[in-house]
Amino acid sequence: PYPGNQHSAEWYLFIYLMEAQKSSPNKAAVRVEKPQDADVFYVPFFSSLSLTVNSTRFSDEKMQMELLEWLEGQETWHRNRGRDHVFACQDPNALHYVLDRIKNSILLVSDFGRLEPEQGSWWKDVVLPYSHRIPSYVKENATLERKTLLFFMGNRYRKEVRES
């Protein structure tokens, strides 16, 4: 159950898509029963959960390799070499054992921090926001006391320097 060790986007996307099977004209996604009717294939693998929980009890690498072996055995994977498959990779280390083999797929990431340029792309991948588990700053009229409301000091890349 959420909240657990997985990122919220993984959980809420999974729940949304499970609910999409109920016919609703307001849903942006529609779940189909026949693979030939699908435009994209969501791969329901909680990668951040696998990384944080299974690394202590099971091999995260083994789970990722089993996932990939299963996918490569599917006719739908070979139809477009995985380009029409969607993976939630919210943790920066999620699916790191198989990233080179799923790099053609659509990745839902929290940032491009640890992806190599050939693994991630602004053209095919989607950056999803996520919330930290630290408590929010709560104070009445907090914004009135501040002169600067938004400040960013950083880089396009996270935690490392890359050569241009």
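Our subject is the structure that appears above.
Residues numbered from 1 in each chain as written. Predicted model: local features only at pLDDT ≥ 70, side-chain atom pairs only at ≥ 80, totals over all residues. Heavy atoms only, no water.

**Focus: the layout of surface pockets**
Where we set the bar: Using protein atoms alone on a 1 Å grid, points that fit a 1.4 Å probe yet trap it form a cavity, whereas open point sets bounded by protein on both sides within 12 Å along at least five of seven lines form a pocket; residues with an atom within 4 Å of a point count as lining. Grid points are joined across faces, edges and corners, and a volume is the space filled by probe spheres set on the points. Helix and strand labels come from DSSP, where a helix needs a run of H or I of at least four residues and a strand needs a run of E of at least two; each type is numbered from the N terminus. Each residue is assigned to one of three groups, with Ala, Val, Leu, Ile, Met, Phe, Trp, Tyr, Cys and Pro labelled nonpolar, Asp, Glu, Lys and Arg labelled charged, and all others, Gly among them, labelled polar.
Considered as a void within the structure, the largest pocket measures approximately 880 Å³ in volume. In terms of lining, the largest pocket is formed by 29 residues, of which the most central are R31, V40, F41, Y42 and V43. Looking at the lining of the largest pocket, the elements with two or more residues in it are α1 (8–19), β1 (41–42), α3 (60–72) and β2 (85–89). At four residues, the largest contribution of residues to the lining of the largest pocket is made by α1. For the lining of the largest pocket, the residue count by class is 21 nonpolar, three polar and five charged.

**Overview of the sheet that holds strand β4 (residues 126–127)**
Rules: Any two strands with at least two DSSP bridges between them are considered paired.
With parallel pairing, four strands are arranged side by side in an open sheet as β1-β2-β3-β4. Across the chains shown, the open sheet's two edge strands, defined by having one partner strand only, are β1 and β4. Across two bridges, the pairing between strand β3 (residues 106–109) and β4 is parallel. Its bridge partner lying in β4, L108 is registered against V126.

**Some remarks on the side chain of S105**
Spelled out, the test is: Using a 1.4 Å probe on the protein chains alone, a residue whose accessible area is under 20% of its type maximum counts as buried, one over 50% counts as exposed, and one in between counts as partly exposed. The contact definition used throughout considers only heavy atoms, calling two residues in contact when any of these lie within 4.5 Å.
Within the secondary structure, S105 sits in the loop between α5 (99–102) and β3. For S105, a relative accessible area of 1% puts it in the buried group. Setting aside chain neighbours within four positions, we find S105 in contact with W77, G82, R83, H85, F87, K124 and D125.

**Examining the environment of L99**
Along the chain, L99 turns up in helix α5. Considered as a pair, L99 and Q119 are 20 residues apart in the sequence and their alpha carbons are 6.7 Å apart. Ignoring sequence-local partners within four residues, the contact set of L99 consists of A94, L107, L115 and Q119.

**Some remarks on the pairing of β2**
By the criterion of burial, β2 is predominantly enclosed, with five of the five residues buried. Burial along β2 is two-sided: H85, F87 and C89 facing one way and V86 and A88 facing the other are all buried. As judged from the two bridges shared by β1 and β2, these two strands associate in the parallel manner. Residue pairing across strands places Y42 opposite V86, the latter belonging to β2. Across four bridges, the pairing between β2 and β3 is parallel. By the bridge assignment for β3, C89 is matched with V109.

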